[in-house]
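Each chain is listed here by its residues.
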Amino acid sequence: MSERGLDDLLGVQDGDAGCIAGEAILDQFADLQLAGDDPAAVFPGTAVHLRSCPGCRADYEGLVDAARRFGAPPE
Amino acid sequence: MTAMAPSVSSGESSAPAARAVGSDTQHWVEGLRSSSPHFRRTTAELHALLLRVARYELGRRRHALGSIGGPELDDLAQQSASDAMLSILSKLEEFRGASRFTTWAYKFVIFDVSAKVAGHAWRHHRPEEEPAWEQVPDAFAAQPVQSAERREQLTVLSQAINSELTDRQRQVFVAVALNDVSIDVLALKLGSNRNALYKNLFDARRKLRACLAAAGYPLPAEEVSS
């Protein structure tokens, strides 16, 4: 943690949807991003959450990566 | 979803309307119904895809798996693909076509790999006890240039970690925010879950920000990690 600032350590933002809400729509969030749309406009609470929750962010990055590599073409 | 804090929203219920179902999604949904004449072929096809995703995702998270060998890694991938397949078949009727079927299906294998990696890490590479919170200012002090104001900020932060956080908030904040312990591994250690620990982390951060503000060191309201 030696190079971190306080903003990094203490970052919070109102409107955080939490882990469970994000899990439910993570596939939609990923497909919006892959389609070039703005998922934060549709799911703002999850966008906030993914910035702050390391576990959900890792899952999301994995899902986007998998959908990009092994997904069917956009429908 | 679980309510987190007064300023945390209660969920993301504004899902977009289901899109027109494409031929690929239709292929999966119809073929995976137990009454389908193509059920066996379609499940085998999906399992093969899930296995590829599981292997890839395990590779992506390799750093958390220590010295696990090839056969053991592949066994983990097989387990994740099979467990995800069971989840997908049991939830098939819940799929509304709001995303591509494959993206929806991959979500289950990603979650399963995530949980299995945390379980493996917990069983085989348990994190050492975190440094005590008293070491927080020392770690910051390692930075070469520090103003007197910065040092005072860190003293306030250190005192607030000690006096304002609950034991659980302190434990989670020190482990996850300060020491980069995986939130899922910590959840296993504490017999909890990611969502509950995230709420602890969120509440701890808000308390600490409030303490800094009360001491004359407010952080910008919109300041978030990115």
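Residues numbered from 1 in each chain as written. Chains lettered and ligands numbered in written order. Predicted model: local features only at pLDDT ≥ 70, side-chain atom pairs only at ≥ 80, totals over all residues.

**Structural notes on the overall build of chain A**
Working step 1: Each helix and strand in chain A was counted, giving five helices and zero strands.
Working step 2: Here chain A holds 75 residues, and 47% of them are scored as buried. (Helix = DSSP H or I, 4+ residues; strand = E, 2+ residues; numbered from the N terminus. Buried ≥ 20, exposed ≤ 12 C-beta atoms within 10 Å, placed from the backbone.)

**Points about the overall build of chain B**
Working step 1: Across its full length, chain B carries nine helices and zero strands.
Working step 2: Going residue by residue from the N terminus, the α and β elements of chain B occur as α-α-α-α-α-α-α-α-α.
Working step 3: Here chain B holds 226 residues, and 33% of them are scored as buried.
Working step 4: Sequence separation of at least 24 residues holds for 71% of the intrachain contacts in chain B that already meet a minimum separation of 6. (Contact = placed C-beta atoms within 7 Å.)

**A closer look at the packing of helix α8 (residues 183–190) of chain B against helix α9 (residues 194–214) of chain B**
Residue and element names in this part refer to chain B.
Working step 1: Contact geometry for α8 and α9: axes closest at 9 Å, N-to-C directions at 105°. Regarding the angle of α8 to α9, the classification is roughly perpendicular. Taken together, the residues of α9 that come into contact with α8 (itself represented by I183, D184, L186 and A187) are R194, L197 and Y198.
Working step 2: Across the contact of α8 with α9, the residue classes break down as five nonpolar, no polar and two charged. (Axes fitted to C-alpha atoms, helices over the stretch in contact; angles between N-to-C directions. Parallel < 35°, antiparallel > 145°, perpendicular 65-115°, else oblique. Nonpolar A, V, L, I, M, F, W, Y, C, P; charged D, E, K, R; others polar.)

**A closer look at the domain arrangement of chain B**
Interfaces are frequently sized by the accessible area removed from exposure as the parts join.
Residues and elements named next belong to chain B.
Working step 1: For chain B, the assigned domains are domain 1 (23–124) and domain 2 (133–214).
Working step 2: A C-alpha centroid distance of 35 Å is found between domain 1 and domain 2.
Working step 3: Across the side of domain 1 that touches domain 2, the residue classes break down as four nonpolar, two polar and no charged. (Domains from an automatic or database assignment.)

**Considering the nonpolar core**
Working step 1: Ranked by internal contacts, the top residues of the largest apolar core, which has 65 residues, are A:L63, B:L50, B:V109, B:F173 and B:L201.
Working step 2: Examining the composition of this core, we find that 11 residues originate from one element, helix α4 (residues 101–124) of chain B, more than from any other.
Working step 3: Residues from two domains meet in this core; each of domain 1 (23–124) and domain 2 (133–214) of chain B gives at least three.
Working step 4: Other than its neighbours up to four places away in sequence, B:L201 contacts B:V172, B:F173, B:V176 and B:A177. (Core = buried A, V, L, I, M, F, W, Y, C linked by C-beta atoms within 7 Å.)

**Quick word on the confidence of the model for chain B**
Segments scoring low in pLDDT should not have their predicted coordinates read at a detailed level.
Residue and element names in this part refer to chain B.
Working step 1: Of all residues in chain B, 79% attain a pLDDT of 70 or more, and the chain-wide mean is 84.
Working step 2: Within chain B, helix α2 (residues 39–60) carries the highest mean pLDDT (97), whereas helix α5 (residues 136–141) carries the lowest (57).
Working step 3: Long-range and interchain partners of residues 1–10, a stretch whose pLDDT sits below 50, account for 25 contacts in this model, where long-range means more than four residues apart.
Working step 4: Note on residues 222–226: pLDDT is under 50 here. Beyond four places in sequence and across chains, it has 13 contacts. (pLDDT = per-residue confidence, 0-100.)

**Some details on the packing of helix α7 (residues 167–178) of chain B against α9(B)**
Packed helix pairs are specified by the crossing angle of their axes together with the interaxial distance, meaning the distance between the axes.
All names here are of chain B.
Working step 1: For the pair α7 and α9, the least separation of the axes is 8 Å and the interaxial angle reads 95°. Viewed along their axes, α7 and α9 adopt a mutual orientation that is roughly perpendicular. Residue-level inspection shows R168, Q169, V172, F173, V176 and A177 of α7 in contact with α9, the latter providing L197, N200, L201, D203 and A204.
Working step 2: Tallied by class, residues from the contact of α7 with α9 come to seven nonpolar, two polar and two charged.

**Here's the deal with the environment of B:G69**
Working step 1: Relative to the assigned elements, B:G69 resides in the loop between α2 and α3 (70–91).
Working step 2: Sequence-wise, B:G69 and B:L219 are 150 residues apart; in three dimensions their C-alpha atoms are separated by 46 Å.

**Regarding unusual backbone geometry**
Residues and elements named next belong to chain B.
Working step 1: Here the phi dihedral of D180 falls at roughly 60°; this positive angle occurs in a residue that is not glycine.
Working step 2: Its location among the elements puts D180 in the loop between α7 and α8.
Working step 3: Its 10 C-beta neighbours within 10 Å are what place D180 among the exposed residues.

**Overview of the confidence of the model for chain A**
Working step 1: Per-residue pLDDT for chain A has a mean of 88; in total, 89% of the residues score no lower than 70.
Working step 2: When pLDDT is averaged over each helix and strand of chain A, the minimum, 78, is found for helix α1 (residues 6–9) of chain A and the maximum, 97, for helix α3 (residues 39–42) of chain A.

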